[in-house]
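Tertiary structure, described
Residue strings, one per chain:
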Amino acid sequence: MYVAVKGGEAAIDNAHRLLADRRRGDRSVPTLGLDQIAEQFALSVDRVMSEGSLYDRRLAALAIKQARGDLIEAIFLVRAYRTTLPRFGHSEPVDTGAMQVERRISACFKDLPGGQLLGPTFDYTHRLLDDELDGDPAVEPGALRDGAAEPATQIADILGGEGLIEEDPLAPGEPGDINQTPMEFPLSRAMRLQSLSRGDEGFLLALGYSTQRGYARSHPFVGEIRIGEVEVEVFVPELGFAVPVGRVQLTECQMVNQFKGSAKTPPQFTRGYGLVFGQSERKAMAMSLCDRALRAEELGEDIVAPPQDQEFVISHCDNVQATGFVEHLKLPHYVDFQAELGLVRTMRAEYEATRNEDVEIREAAE
Amino acid sequence: MTAATYNFAYLDEQTKRMIRRAILKGIAIPGYQVPFASREMPMPYGWGTGGVQVTAAILGPDDVLKVIDQGADDTTNAVSIRKFFQRVAGIETTTNTADATIIQTRHRIPETPLQEGQVLVYQVPIPEPLRFLEPRETETRKMHALEEYGLMHVKLYEDIARNGHIATTYAYPVKVEGRYVMDPSPTPKFDNPKMHMSEALQLFGAGREKRIYALPPHTDVVSLDFEDHPFEVQRFDRPCALCGAEQVYLDEVVLDDRGGRMFVCSDSDHCETRQAEGFRGELAGEKLDASTSDRTEEVI
């Protein structure tokens, strides 16, 4: 007797059990502690916090462990948790000018107030595998500067003093929230920046790269990149002033791009902006290239390439959405496939029938 | 993080209220796609998050939930979603169509006609029927606003010109109350007539695309067609091999590598109910071996 495929429930349970087994791997190898992940895979943790839109190192580390190191899966875990948290308001704009910088570089000026500060960067390392890391070699602590740091003036303020760069357009009122409002195009720049900040690093990297290769070229210069901690403040109406609620590490990129002028304004540089949680320079730079490209319409440029098209960029930059929809193709599609199968068979039968008719006609003619 | 506790049916009440507002607007304007602030759910986008959010927003403690995928209750994703609601809402679930107050579905409408008071929740991947004709949302919204559906008719006409048929077999576009062209979700067009004048409330949730739309009970739902090429549903030239049902949608099951096939109800509850009532198809209760599979070799 034919029995239809059953037992989905038992199959799922067994699959999850096997997954847990594979996640743990060889039991004789010690399990990873969350502190180990947070300390030694710090940049993975940063990416998960940034694209998961939740600043919590411990939860990001937990997600990475649970996801067997699959970062998009970890991002998904964090997002699915964050969506259940109540929203109690929005912070005051963080003052990145007052950032406690650990790294700050500018490609525009050889020296500038606050100096060039390389910080913990892979730049200028030789990418040679270091066999010593197979063990636990002693590592020197980082060198510390003497005395207080010179304040690092923001590049926009340096150029802005002469009017050489556009003002940061201030959007009045409460910023939108991409979690609270349905996406309706065209999006405001604030909403676009939120989407880009949690967008997939790889996707934005490729799009940003394409702008450098001629698709919506914008002649970018790294005005500056800064990485460090800032204080987050929330305005409390009952108190009448803003109170600090914590500190977050951010990476900010100010891209300075080719100028624009009009009959009313003299030529000036334009800006592309990137801001992400943690230390993620590649992402912040890619984001600032994409942000600039997406301002095409506002700046009166022709829209000729994908990075300038906000529906294209914003609708496809979220890796949680993208991975879900791509991977849904492995769900059963029996009934739709059956429908297509029926149609193809009918059309093939008709094709055969007309061919036979043709043969008969030809034979009759002969 | 403290041990995570979740609200009844997972979503917080604020979110549910937002979704209910979108649903009410959808009901007020049948077939119109209402944007809503879709949330991340603990299952992936594209796996029914829209349907799950709609179900979570309308679910009450007394509801009885049925979840189907491809018509069947035991498909893995249906099992997973049913388990999810058992866990986060503790509600009663069923596989029996008639017993359910809410039925969440992917790709099928149950064969048993739905009744007043029942709600059918569809999982929708691409809610925009015009999407594959025009990829831009800004354009398609304008087209809906202006009731500019010529492009869709041209597409259907071109199908006929090229293939002799309208080559859309599922997600076959419908017109609702003579106004909005709507995507019925990727149900086979076989199910389209069931949407017309249904006694049940039909709700459609698209999570990734952030849209909700609705068909209130007794809504006029017409599949697009032409006078000389009227809309037709798929027909199967045989009954279900297990329960003998006719005029139902069948799944093709491959029996061997020699072309052996059998056709069984896609709606597993309908099939099981009929078998319990004593209906028998030609392969029910028989051992499947080479001698019986011979009889199923011809294909439609």
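Residues numbered from 1 in each chain as written. Chains lettered and ligands numbered in written order. Predicted model: local features only at pLDDT ≥ 70, side-chain atom pairs only at ≥ 80, totals over all residues. Heavy atoms only, no water.

An unreviewed UniProt entry lists chain B under the name Alpha-D-ribose 1-methylphosphonate 5-phosphate C-P lyase, from Pseudaminobacter soli. Per UniProt, chain B has the following entry under Sequence similarities (unreviewed entry): "Belongs to the PhnJ family." Listed under Catalytic activity (unreviewed entry) in UniProt, the entry text for chain B is "alpha-D-ribose 1-methylphosphonate 5-phosphate + AH2 + S-adenosyl-L-methionine = alpha-D-ribose 1,2-cyclic phosphate 5-phosphate + methane + 5'-deoxyadenosine + L-methionine + A + H(+)". (UniProt positions renumbered as here; feature names shortened; annotations may be inferred.)

In the annotation of an unreviewed UniProt entry, chain A is listed under the name Carbon-phosphorus lyase complex subunit PhnI and assigned to Pseudaminobacter soli.

A few words on the state of the cysteines. In protein chemistry, a disulfide is the covalent bond that joins the sulfur atoms of two cysteines. Going through the model one piece at a time under the given rule, you end up with 0 disulfides over all chains. Take Cys253 of chain A: it sits in no disulfide, and the sulfur closest to it among the cysteines is that of Cys108 of chain A, at 10 Å. Overall, the relative accessible area of 0% leaves Cys253 of chain A in the buried class. We note that Cys240 of chain B lacks a disulfide partner, and the nearest cysteine sulfur, in Cys265 of chain B, lies 3.7 Å from it. (Disulfide = S-S within 2.5 Å. Buried < 20%, exposed > 50% of the residue type's maximum accessible area, 1.4 Å probe, protein only.)

Since one α-helical turn is 3.6 residues long, residues separated by three or four positions face the same way. All names here are of chain A. By the burial criterion, the buried members of helix 4 (residues 57–66) are Leu59, Ala60, Ala61, Ala63 and Ile64. Elements that come into contact with the buried residues of helix 4 comprise helix 2 (34–40), helix 3 (42–52) and helix 5 (71–82). The distance from a side-chain oxygen at the start of helix 4 to the backbone nitrogen of Arg58 is 3.1 Å, and the residue carrying that oxygen is Asp56. One or two steps after helix 4, the chain reaches Arg68, where phi turns positive at roughly 60 degrees. (Helix = DSSP H or I, 4+ residues; strand = E, 2+ residues; numbered from the N terminus. Contact = heavy atoms within 4.5 Å. Polar contact = N/O pair within 3.5 Å; in protein donor to acceptor, adjacent residues only side chain to side chain.)

We now examine a negative patch on the surface. All names here are of chain A. A cluster of acidic residues, Glu357, Asp358, Glu360, Glu363 and Glu366, forms a negative patch at the surface. In this structure, Asp358 sits in helix 12 (residues 334–365). On the basis of relative accessible area, Asp358 is assigned to the partly exposed category, the value being 42%. (Patch = residues over 30% accessible without salt bridge, like charges linked within 9 Å, V, L, I, M, F, W, Y side chains within 5 Å. Areas by Shrake-Rupley, 256 points an atom, 1.4 Å probe, with all protein chains shown as cover. Salt bridge = Lys/Arg side-chain N within 4 Å of Asp/Glu carboxyl O. Lys, Arg positive; Asp, Glu negative; His and termini not counted. Charge placed at Lys NZ, Arg CZ, Asp CG, Glu CD.)

Turning our attention to the nonpolar core. Formed by 68 residues in total, the largest nonpolar core has its most connected members in Val48 of chain A together with Ile19 and Phe85 of chain B. The element contributing the most residues to this core is helix 5 of chain A, with 7 residues. Setting aside residues no more than four positions away along its own chain, Phe85 of chain B makes contact with Val52, Thr55, Ala56, Leu59, Leu65, Gly90, Ile91 and Gln104 of chain B. Ile178, Met191, Leu196 and Ala286 of chain A belong to the second largest nonpolar core, which has 25 residues in total. (Core = buried A, V, L, I, M, F, W, Y, C linked by side-chain atoms within 4.5 Å.)

So, on to the pattern of salt bridges. Tallied over the full model, the rule gives 43 salt bridges over all chains. Asp21 of chain A is paired through a salt bridge with Arg27 of chain A; the nearest N and O atoms lie 2.9 Å apart. Residue classification places Asp21 of chain A among the partly exposed residues on the basis of a relative accessible area of 27%. Between Arg136 of chain B and Asp309 of chain A there is a salt bridge; the shortest N-O distance is 2.7 Å. Here Arg136 of chain B, found in the loop between strand 5 (119–123) and helix 4 (137–145), pairs with Asp309 of chain A, found in the loop between helix 9 (281–294) and helix 10 (310–316), and the two come from separate chains. Judged by relative accessible area, which is 36%, Arg136 of chain B ranks as partly exposed. Each of the salt bridges in this network shares a partner with another, and the network as a whole consists of Arg47, Glu51, Asp200 and Lys283 of chain A.

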